[in-house]
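The residues making up each chain are set out below.
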Amino acid sequence: MRPLAHGAAHHCFGCGKANRSGLRLNFLVSDEGLIVCRTKIPARFEGPPGYVHGGVIATLLDEAMSKANRACNVIAMTRHLEVDYRRPVPLRSTIEITARHLKAEGRKHFCEAEIRLHGETLASGKALFIAVTKQFLLSRTKD
Ligand SMILES: CCCCCCCCCCCC(=O)SCCNC(=O)CCNC(=O)[C@H](O)C(C)(C)COP(=O)(O)OP(=O)(O)OC[C@H]1O[C@@H](n2cnc3c(N)ncnc32)[C@H](O)[C@@H]1OP(=O)(O)O
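Residues numbered from 1 in each chain as written. Predicted model: local features only at pLDDT ≥ 70, side-chain atom pairs only at ≥ 80, totals over all residues. Heavy atoms only, no water.

**Observations regarding the confidence of the model for the protein**
- In the predicted model, the protein carries a mean pLDDT of 95, and 96% of its residues have values of at least 70.
- The ipTM assigned to the predicted complex is 0.94, against a pTM of 0.95. (pLDDT = per-residue confidence, 0-100.)

**Examining the site of the ligand**
- As a matter of local geometry, the ligand sits amid 16 residues, with Asp 62, Thr 78, Arg 79, Arg 107 and Leu 128 nearest to it.
- Between Arg 79 and the ligand, the recorded distance is 2.9 Å, taken from a side-chain N or O atom to an oxygen atom.
- Taken by itself the ligand offers 1,300 Å² of open surface, and the protein chains cover 54% of this.
- Those elements that provide at least two residues to the shell around the ligand are helix H1 (54-71), strand E4 (76-85), strand E7 (120-131) and helix H2 (134-137).
- Examining the composition of the shell around the ligand, we find that five residues originate from one element, E4, more than from any other. (Near = heavy atom within 4 Å. Polar contact = N/O pair within 3.5 Å; in protein donor to acceptor, adjacent residues only side chain to side chain. Areas by Shrake-Rupley, 256 points an atom, 1.4 Å probe, with all protein chains shown as cover. Helix = DSSP H or I, 4+ residues; strand = E, 2+ residues; numbered from the N terminus.)

**Describing the pattern of salt bridges**
- One pass over the full model with this rule turns up eight salt bridges.
- Ionic pairing is found between Asp 31 and Arg 2, a salt bridge with its closest N-O pair at 3.2 Å. With Asp 31 in the loop between strand E2 (28-29) and strand E3 (35-39) and Arg 2 in strand E1 (residues 2-3), this pair connects stretches of sequence that are 29 residues apart.
- Between Glu 112 and Arg 100 there is a salt bridge, with its nearest N and O atoms 3.8 Å apart. With a gap of twelve residues between them, Glu 112 in strand E6 (residues 108-117) and Arg 100 in strand E5 (residues 95-105) connect regions that are remote in the sequence.
- You can call Glu 112 partly exposed: its relative accessible area is 31%. (Salt bridge = Lys/Arg side-chain N within 4 Å of Asp/Glu carboxyl O. Buried < 20%, exposed > 50% of the residue type's maximum accessible area, 1.4 Å probe, protein only.)

Shown next as structure tokens:
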């Protein structure tokens, strides 16, 4: 596994190093394109007492899948996301988030992701991403 180089999105809520309120996730990538992130989610992202907020769980899955696209040199935005909340995700425990790019059909890219704790799958997700140009993605950065 090697560190996945990030793009220009330094303020990204998921991975931006300059976003002090964000999750500041770090991702690894394998030679086969598998994305892995091991992290502890701080208490400020609480939903149910002691557990991660469901919206944040969706963010973790979405972020990991977007990195799976990136590992394929694809810049894409999430068009459709589905999440299975199987078990609550505890705060402050080292969870493992994995994601992979499954297939592409034109601009459509299909990915899947999981969050695990001690080998048990707590949440999983699938998403459809649509490839966009860098110009489209950065078109609002000067506002
Ligand atoms: C600098 C580097 C930094 C790199 C930084 C990288 C940042 C990554 C961001 C991380 C992920 C995010 O959080 S992104 C943030 C959350 N997402 C968003 O805000 C996206 C908002 N949505 C949009 O702006 C737009 O919908 C787009 C751009 C995604 C797509 O618009 P579009 O180009 O008009 O395409 P659209 O027609 O809607 O859909 C394309 C195709 O998908 C099909 N399609 C649509 N929905 C479905 C569906 N549920 N199941 C199957 N297929 C579907 C359509 O039929 C169509 O098929 P066909 O007719 O073509 O066959």
